[in-house]
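# Residue-level structure breakdown
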Protein chains: 2
Amino acid sequence: MAEKLVKEITSMDEDFAKWYTDIVTKANLIDYSSVKGCIILQPYSYAIWENIQKTLDGMFKETGHTNVYMPMFIPESLLQKEKDHVEGFAPEVAWVTMGGNEPLAEKLCVRPTSETLFCEYYAHTIQSHRDLPKLCNQWCSVVRWEKTTRPFLRSREFLWQEGHTAHATAEEAIAETERMLDVYADFCENYLAMPVVKGRKTESDKFAGAEATYAIEALMHDGVCLQAGTSHYFGDGFAKAFGIQYADKNNKLQYVFQTSWGVTTRLIGAIIMVHGDNSGLVLPPRIAPTQAVIIPVAMHKPGVLDKANEIYEELKKAGIRVKLDDSDNSPGWKYSEYEMKGVPVRIEIGPRDMENGVVVVARRDNGEKQTLPIENLSESIAALLEDVQKGLFEKAKARRDEMTYAVHNTDELKEITESKNGFIKMMWCGDEACEKAVKDTYGVGSRCIPFEQENIGDVCPICGRPAKHMVMWGKAY
Amino acid sequence: MAEKLVKEITSMDEDFAKWYTDIVTKANLIDYSSVKGCIILQPYSYAIWENIQKTLDGMFKETGHTNVYMPMFIPESLLQKEKDHVEGFAPEVAWVTMGGNEPLAEKLCVRPTSETLFCEYYAHTIQSHRDLPKLCNQWCSVVRWEKTTRPFLRSREFLWQEGHTAHATAEEAIAETERMLDVYADFCENYLAMPVVKGRKTESDKFAGAEATYAIEALMHDGVCLQAGTSHYFGDGFAKAFGIQYADKNNKLQYVFQTSWGVTTRLIGAIIMVHGDNSGLVLPPRIAPTQAVIIPVAMHKPGVLDKANEIYEELKKAGIRVKLDDSDNSPGWKYSEYEMKGVPVRIEIGPRDMENGVVVVARRDNGEKQTLPIENLSESIAALLEDVQKGLFEKAKARRDEMTYAVHNTDELKEITESKNGFIKMMWCGDEACEKAVKDTYGVGSRCIPFEQENIGDVCPICGRPAKHMVMWGKAY
């Protein structure tokens, strides 16, 4: 049978955007549908999402959260209850105006986010301080009618989780906002091998209706920033708009304090752009659908396939997500295919290896090959996967640090922004006019005010007034 | 602190519909939202759904299926590609006509089911016989603009899974249709403890666009039938409408043969109506979010809470989903609460029990109490849970068989349909006119043509012509 052609992708240095598009299609992550701005998550990317879901869901449950499911529709009048919120979202929602052949009495938007629905639910179900805290989460898809879209990074429909919590006090709600940001950062660093900066968004960049928005920011291979997750503190603004009150211990009515937090399938885009290379995807082992692929060499020779199967069974039994490719494609074709798909470890086994009681093992992250004894192979592969996981994080962190620039004045800012992309650390007076000037003149926006502040100057380089914060600036997806 | 009142529910014999509504709200399964016909799945019912998902998803993966995610919107022109399909669904879909503030060039329906989207995807991705079979599944919500709604049984939005497969031959597709019906039956009987009848739907009751629809039918406590899952064989009808072709081994283009199959959150309604009683919900242990609840008695007495915690840890370690309620509500209140919630096993521990090294254990399904030694308690509880699981199935099956009537002529049909609800077995000639006459005159519809046929007569009691099948008839939710 004719072998399929080895797929070629654009070099990332030549055209990063095209490289990205090549990977998402050629690694079979997505397919385009006839619905503009909506993508199909093929089995391979959905399996990555399932691994993300499973891990995060476990972390949410360990921190006391339970899952619920809210309707996907929000009546216009409900969306309008919190003023800032509706202003932020109304321009980009999809409206259902007909049910069957009849026009609806009130139009319904397809949820862009579910604060209003959770508020209505909490108004029904919170009566006493004994009902608090309410710690709910939802896995679903949401819709935002974006004009320009890109697979995983920005689409009209995307999958996400949205946590929504209600607390008796502002302190507890703020602690929750911070705790969930920590959960996200922990997940990104330890599972996706992606270093993140934790910080607060400036006022101009807050979520519609929030008192404070916290975010984790990551740096992609091309030096462009990506907001990887957000956690919002709402104060009692929504509670007042929706009448969510509880009787405290003295039987006095009080408003609750709320939070919400979310991450999306955008994380898959982040994995691609942090770890990928010119041979394709590179997946961190902890999130890879297939952690190791076994490729028999000269597999028609006696005993090769049997041995490959034996190794497969041993690794599987040890809990490694392993695949044996015994299809009739050539080993060379298979090497390219699993490189494209970012499988962390490749195991080659041929007649000569069998004689010597070894296999040849290649790492996807750095291409290193080594010979390993078949004896106790599951243990050595498990250790190798841990090595790869750590190595990917270290490499991404080193690259991120290398592409982070401390800027002390506008000359330096000009030079950096004109010559390269990256994280730019620069002091800021706190005035929105200066933030806007940086964006308009130098093309970089404020990404966040990092929790870990450094004092790299006393004044705002834009206006010369005293600086309040060090801000992380950059171009963003 | 004041104890909440014990919740009361309507007796199921007095008003079954009201009993059902009382349970879904008082066991905190659902809350109503301001979106008519859409319900909120509260943590307790969503946890049941998570258990259903987890088990079924494992069964789907074991049978070679992978998950994907398709867009929630279907352009009108795509929905119209298969004629029977659009006729069946167009009258009951929700239409998105506006994106942000602008009218859409083409209106989009919110998926009522995703055959058309999967067909488009398969048309893109199937080229060769080596791409077959395609075995995909999707977990999502769908929307059908129903006029009358009931929690879990019929709502405008509901959660479900939809499998969609494509095969090289009709035989393979038919085998898949049957295999997945078997998976559903196995799941319903072994996890939900709900006996089902497997069969084929009559022509008038087929899915829109299907060549054959298979279903599993269950009988609720009130003798009304419930379609619990369906599996459809499409032949090559969709393939021809969407141009899904593959090159066979002789490099000749052939159309694929397709199937789809689904179950929904309706299964939660089935659990309620098959097992529930006048004290509330009764959950089969394999699907119960909490399998055993520990209630300390006289918990201020020294050592009681410590012992309760010790038992909790032991059961948890043994993999039992256990909860310890050490709240300040009275034991009596707690008993009612967990009865309402259908927790399969209650474990009471007080000072006297401690002295004797025992606990008192009550089964939710039959109310039986017994004293069990604390030693090896996790083993005895695990065994008891298996007993409860089996007992629930036996009880449901006995009740179902008791409420199944073989009918030989119209006099018997009249007598049965006027006096009781249940499954009615009766022969049928195969003519739709007779099927309609049974429905119009006696108020019972054909539920399915069971795979397990019995010969209970030679003629159709309606027209007197030779009978072709034994049909299961009944009223249905």
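Throughout, residues of each chain are indexed from 1 in the direction in which the sequence is written. Throughout, the order in which chains and ligands are written sets their labels, letters from A for the former and numbers from 1 for the latter. In keeping with the model being predicted, local features are shown solely for residues with a pLDDT of at least 70 and side-chain atom pairs are shown and tallied solely at 80 or more, while totals for entire chains, interfaces and linings include all residues. Water and hydrogen atoms play no part in the side-chain values, which are based on all heavy atoms of the structure.

## Let's talk about the overall build of chain A
Counted only if it meets this: Labels follow the DSSP assignment, with helices taken as runs of H or I lasting at least four residues and strands as runs of E lasting at least two, numbered in each case from the N terminus. Throughout, the radius of gyration refers to the C-alpha atoms, and the reference size of a globule is 2.2 Å times the residue count to the power 0.38. For the exposure calls, accessible area comes from a 1.4 Å probe over protein chains only, and a residue counts as buried if that area is under 20% of its type's maximum, exposed if over 50%, partly exposed in between. Note on contacts: a residue pair qualifies if any of its non-hydrogen atoms lie within 4.5 Å across the two residues. Surface exposure here means Shrake-Rupley accessible area, sampled with a 1.4 Å probe, where a residue is shielded only by the protein chains that are shown.
When you go through chain A residue by residue, the secondary structure sums to 14 helices and 23 strands. In terms of overall dimensions, chain A is globule-like: its C-alpha atoms have a radius of gyration of 25 Å, near the 23 Å expected for 477 residues. Considered along the principal axes of its C-alpha atoms, chain A spans approximately 80 × 60 × 50 Å. Burial status across chain A gives 60% buried among its 477 residues. For chain A, the proportion of contacts with a sequence separation of at least 24, taken over those separated by at least 6, is 68%. A total accessible area of about 19,000 Å² is found for chain A, and carbon and sulfur atoms account for 48% of it.

## Description of helix α8 (residues 266–275) of chain B
Residue pairs spaced three or four apart in an α-helix point in one direction, given the helix's 3.6 residues per turn. Counting buried positions along α8 of chain B yields 10 of 10 residues, so the element is predominantly enclosed. All of the buried residues along α8 of chain B are R266, L267, I268, G269, A270, I271, I272, M273, V274 and H275 of chain B.

## Regarding the interface of chain A and chain B
Selection rule: Defined in terms of a 1.4 Å probe, buried area is the accessible area two parts forfeit on being brought together, summed over both. A pairing counts as a salt bridge when a side-chain nitrogen of Lys or Arg comes within 4 Å of a carboxyl oxygen of Asp or Glu. Each polar contact in these results corresponds to two N or O atoms within 3.5 Å; when the atoms are within protein, one needs to be able to donate a hydrogen and the other to accept it, and residues that are neighboring in sequence are counted only if both atoms are side-chain atoms. For this scheme, ten residues count as nonpolar: Ala, Val, Leu, Ile, Met, Phe, Trp, Tyr, Cys and Pro. Four count as charged, namely Asp, Glu, Lys and Arg, and the remainder, Gly too, count as polar. Any two strands with at least two DSSP-identified bridges between them are counted as paired.
With 61 residues of chain A in contact, the opposing surface of chain B contributes 61 residues. Regarding the contact of chain A and chain B, the summed buried area is about 4,700 Å², with carbon and sulfur atoms giving 57% of it. Across the pair R130 of chain A and D328 of chain B runs a salt bridge, and its minimum N-O distance is 2.6 Å. Remark: the boundary between chain A and chain B carries 27 residue pairs in polar contact (both at pLDDT 80 or more). Taken together, the residues of the side of chain A that touches chain B break down into 33 nonpolar, 14 polar and 14 charged. Here 5 bridges tie strand β5 (residues 94–99) of chain A to strand β5 (residues 94–99) of chain B, and the two strands are oriented antiparallel to one another. Within β5 of chain B, the position partnered with W95 of chain A by the bridge is M98 of chain B.

## A word on the state of the cysteines
Linking two cysteines covalently through their sulfur atoms gives a disulfide. The criterion, for reference: Note that a disulfide, as used here, is simply two cysteine sulfur atoms within 2.5 Å.
Under the defined criterion, the tally for this structure stands at 0 disulfides over all chains. C460 of chain A carries a free sulfur, and the closest cysteine sulfur to it, the one in C463 of chain A, is 3.7 Å from it.

## Observations concerning the nonpolar core
For soluble globular proteins, nonpolar side chains are generally found buried alongside one another. Operational definition: Note on terminology: a nonpolar core comprises buried Ala, Val, Leu, Ile, Met, Phe, Trp, Tyr and Cys residues joined through side-chain atoms within 4.5 Å.
Of all hydrophobic cores here, the largest spans 164 residues; its most connected members are F73 of chain A together with F73 of chain B. When sequence neighbours within four positions are dropped, the list of residues in contact with F73 of chain A reads V96, L108, C109, V110 and L117 of chain A together with V35, C38, A94, V110, V143 and W145 of chain B.

## Quick notes on the sheet that holds strand β14 (residues 257–264) of chain B
All names here are of chain B. As a reminder, the rule being used: Helix axes are fitted only over the stretch in contact, all axes being lines through C-alpha atoms; the angle between N-to-C directions runs from 0 to 180 degrees.
Spatially, the 11 strands line up as an open sheet ordered β3-β7-β8-β14-β11-β10-β9-β22-β23-β21-β20, and their pairing is mixed. Two strands lie at the open edges of the sheet, namely β3 (66–67) and β20 (404–406), each paired on one side alone. In the sheet, strand β11 (residues 225–235) pairs with β14 via 5 bridges, with the strands oriented antiparallel. For T230, the partnering residue across the bridge sits in β14 and is G262. Against the sheet, helix α2 (residues 43–62) makes contact with β3, β7 (134–143), β8 (157–167) and β14, and its axis sits at roughly 165° relative to β7, the strand it touches most. Across the sheet, α8 touches β10 (212–219), β11 and β14, and the angle it forms with β11 is around 145°.

## Comments concerning the relation of the copies chain A and chain B
Rule in force here: Superposing copies: least-squares fit, C-alpha atoms only, residues required to have pLDDT of at least 70 in both.
Of the transformation placing chain A onto chain B, the axial shift is 0.0 Å and the rotation is 180°, giving an RMSD of 0.0 Å. On the angle and the small slide along the axis, the relation comes out as a two-fold axis. When C-alpha distances to the rotation axis are compared across chain A, the minimum falls at V96 of chain A, with a value of 2.1 Å. A high fraction, 100%, of the interface residues of chain A reappear at the interface in chain B, so the copies pair face to face through one surface.

## Concerning the side chain of T230 of chain A
All names here are of chain A. Secondary-structure assignment places T230 in strand β11 (residues 225–235). Here T230 falls in the buried class, since its relative accessible area comes to 12%. A distance of 3.5 Å separates a polar atom in the side chain of T230 from a polar atom in the side chain of H232. Here T230 is in contact with Y184, T213, Y214, A215, S260, W261 and G262, once residues within four sequence places are set aside.

## A look at the packing of α2 of chain B against helix α6 (residues 170–190) of chain B
Residue and element names in this part refer to chain B. This is how the line gets drawn: Note on convention: near helix rotated counterclockwise from far helix by under a right angle means a left-handed crossing. Clockwise means right-handed.
In contact at an axis separation of 11 Å, α2 and α6 are set at 145° when each is read in the N-to-C sense. Read as a crossing pair, α2 and α6 show a hand that is right-handed. Where α2 approaches α6, its residues I52, T55, L56, M59 and F60 are matched on the opposing element by M180, V183, Y184, D186 and F187. Residue composition of the contact of α2 with α6, grouped by class: 8 nonpolar, 1 polar and 1 charged.

## Concerning the sheet that holds strand β14 (residues 257–264) of chain A
Residues and elements named next belong to chain A. Spatially, 11 strands are ordered β3-β7-β8-β14-β11-β10-β9-β22-β23-β21-β20 in an open sheet, and the strand pairing comes out mixed. Each edge of the open sheet is held by one strand with a lone partner, namely β3 (66–67) and β20 (404–406). With 4 bridges connecting them, strand β9 (residues 197–200) and strand β10 (residues 212–219) associate as antiparallel partners. Note on β10: the bridge partner recorded for V197 is E217. Where helix α8 (residues 266–275) meets the sheet, it contacts β10, β11 and β14, and its direction lies at approximately 145° from that of β11. Contacts between helix α13 (residues 410–419) and the sheet are confined to β20 and β21 (423–428), with β21 contributing the most and set at about 160° to the helix.

## Some remarks on the environment of M59 of chain B
All names here are of chain B. Relative to the helices and strands, M59 resides in helix α2. The class for M59 is buried, based on a relative accessible area of 14%. Taking the C-alpha atoms as reference points, M59 and V183, separated by 124 residues in sequence, lie 7.2 Å from one another. Once residues lying within four places of it in the same chain are set aside, the contact partners of M59 are V183, D186 and F187.

## Examining the confidence of the model for chain A
In low-pLDDT segments, the atomic positions of the prediction should not be examined closely. Stated formally: Known as pLDDT, the predictor's per-residue confidence is scaled from 0 to 100.
Averaged over all residues, the pLDDT of chain A is 96; the fraction at 70 or higher stands at 99%. What the predictor reports for the complex is a pTM of 0.97 with an ipTM of 0.96.

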